[in-house]
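# Structure assessment
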Amino acid sequence: MKIILASASPRRKELLAGLDIDFEVRLLPGIDESYPANLPTGKIAEYIACEKAAAYNGEIGDDEVLLTADTIVVVDDKVLGKPVDADDARRMLGMISGKTHQVITGVCLSTREKTHSFSVETDVTFKILENDEIDYYIENYKPFDKAGAYGIQEWIGYIGVESIKGSYFNVMGLPVQRIYKELKNVTTYSNK
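In this text, all values refer to a predicted model and were calculated from it rather than measured experimentally.

### Some words on the side chain of Thr-111
The residue Thr-111 is located in the loop between strand S5 (100-110) and strand S6 (115-126) in this model. With a relative accessible area of 12%, Thr-111 lands in the buried category. Other than its neighbours up to four places away in sequence, Thr-111 contacts Met-1, Glu-64, Val-65 and Val-186.

If you want it as structure tokens, here you go:
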């Protein structure tokens, strides 16, 4: 079976490549990433991953497995998506400063016959971030494509993360250990 990654994220491509699995990136433009307002926060990322997969109905070959994913950050039961600008990033980083938050990645694996989805949650605790640290990070790393306005693998993660409980790679955007396990259950694949 051929693995199709439906993501433009360079981090997701890098992480999936780290499993030594052959895959192809396939993108459809304009996929809606909204979710019902009454959906519990723990279900949002998985819901969006499944909605992304639904957009590919009819686009998956008989010999293909589609992988879609979505990552959100939850702090104080508030969902942080991707910041729209520097002020929004500053607001988000201020919200996670000195607190433990959850990073939740929802994953959907789809073939023509079936769909399987799951979520992985990781707790991340940040030190209290100083305003100049937040400003430096935003100015130098432009975290506008990252949920919660940060990349754990970047400078802010080096200086800010005090502890992590769960998958580090999940915080980067793809829980690769769980995906490897689930792909083995869905299909066989050939190593590079």
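### Describing the nonpolar core
Ranked by internal contacts, the top residues of the largest apolar core, which has 39 residues, are Leu-67, Leu-93, Ile-96, Tyr-150 and Leu-174. Apart from the residues within four sequence positions on either side, Tyr-150 is in contact with Leu-93, Ile-96, His-101, Val-103, Val-124, Phe-126, Tyr-137, Pro-143, Ile-156 and Val-171.

### Examining the state of the cysteines
Simply put, disulfide is the name for a covalent bond between the sulfur atoms of two cysteines. On inspection of all chains with the given rule, the structure shows zero disulfides. Cys-50 carries a free sulfur, and the closest cysteine sulfur to it, the one in Cys-108, is 3.8 Å from it. Residue Cys-50 is classed as partly exposed on the basis of its relative accessible area of 25%.

### With respect to the layout of surface pockets
Computed from the structure, the largest pocket encloses a volume of approximately 670 Å³. Considering the residues around the largest pocket, the lining is formed by 36 residues, among which Arg-12, Glu-33, Lys-52, Asp-70 and Lys-82 are closest to the centre. Mapped by element, the contributors of at least two residues to the lining of the largest pocket are helix H1 (10-17), helix H2 (41-54), strand S3 (64-75) and helix H6 (168-172). With five residues, the single largest contributor to the lining of the largest pocket is S3. Classifying every residue of the lining of the largest pocket gives 20 nonpolar, eight polar and eight charged.

### A short note on the pattern of salt bridges
The tally for this structure, following the rule as stated, stands at 16 salt bridges. Ionic pairing is found between Arg-26 and Glu-24, a salt bridge with its closest N-O pair at 3.2 Å. Owing to a relative accessible area of 29%, Glu-24 belongs among the partly exposed residues under this scheme. Glu-33 serves as the salt-bridge partner of Lys-52, at 3.9 Å between the closest nitrogen and oxygen. Of this pair, Lys-52 sits in helix H2 while Glu-33 sits in the loop between strand S2 (23-25) and H2, and the two are 19 residues apart along the sequence. By relative accessible area, which is 10% here, Lys-52 ends up buried. For Glu-33, a relative accessible area of 40% puts it in the partly exposed group. By sharing partners, the salt bridges in this structure join Lys-2, Glu-24, Arg-26 and Glu-64 into a single network.

### Regarding the pairing of S3
Of all 12 residues in S3, 12 are buried, a share of seventy percent or more. Covered by surrounding structure in S3 are Glu-64, Leu-66, Thr-68, Asp-70, Ile-72 and Val-74 together with Val-65, Leu-67, Ala-69, Thr-71, Val-73 and Val-75, the residues of both alternating faces. Bridge count for S3 against strand S4 (residues 78-80) is three bridges, and the pairing is antiparallel. Bridge pairing links Val-74 to Val-79 in S4. Linking two consecutive strands that pair antiparallel, namely S3 and S4, is a turn of two residues; a positive phi of about 50° is found at Asp-76 within it.

Basis of the calculations
Residues numbered from 1 in each chain as written. Predicted model: local features only at pLDDT ≥ 70, side-chain atom pairs only at ≥ 80, totals over all residues. Heavy atoms only, no water. Helix = DSSP H or I, 4+ residues; strand = E, 2+ residues; numbered from the N terminus. Buried < 20%, exposed > 50% of the residue type's maximum accessible area, 1.4 Å probe, protein only. Contact = heavy atoms within 4.5 Å. Core = buried A, V, L, I, M, F, W, Y, C linked by side-chain atoms within 4.5 Å. Disulfide = S-S within 2.5 Å. 1 Å grid on protein atoms, 1.4 Å probe; cavity = no way out; pocket = protein on both sides within 12 Å on 5 of 7 lines; lining within 4 Å. Points joined across faces, edges and corners; volume = space filled by probe spheres on them. Nonpolar A, V, L, I, M, F, W, Y, C, P; charged D, E, K, R; others polar. Salt bridge = Lys/Arg side-chain N within 4 Å of Asp/Glu carboxyl O. Pairing = 2+ DSSP bridges.

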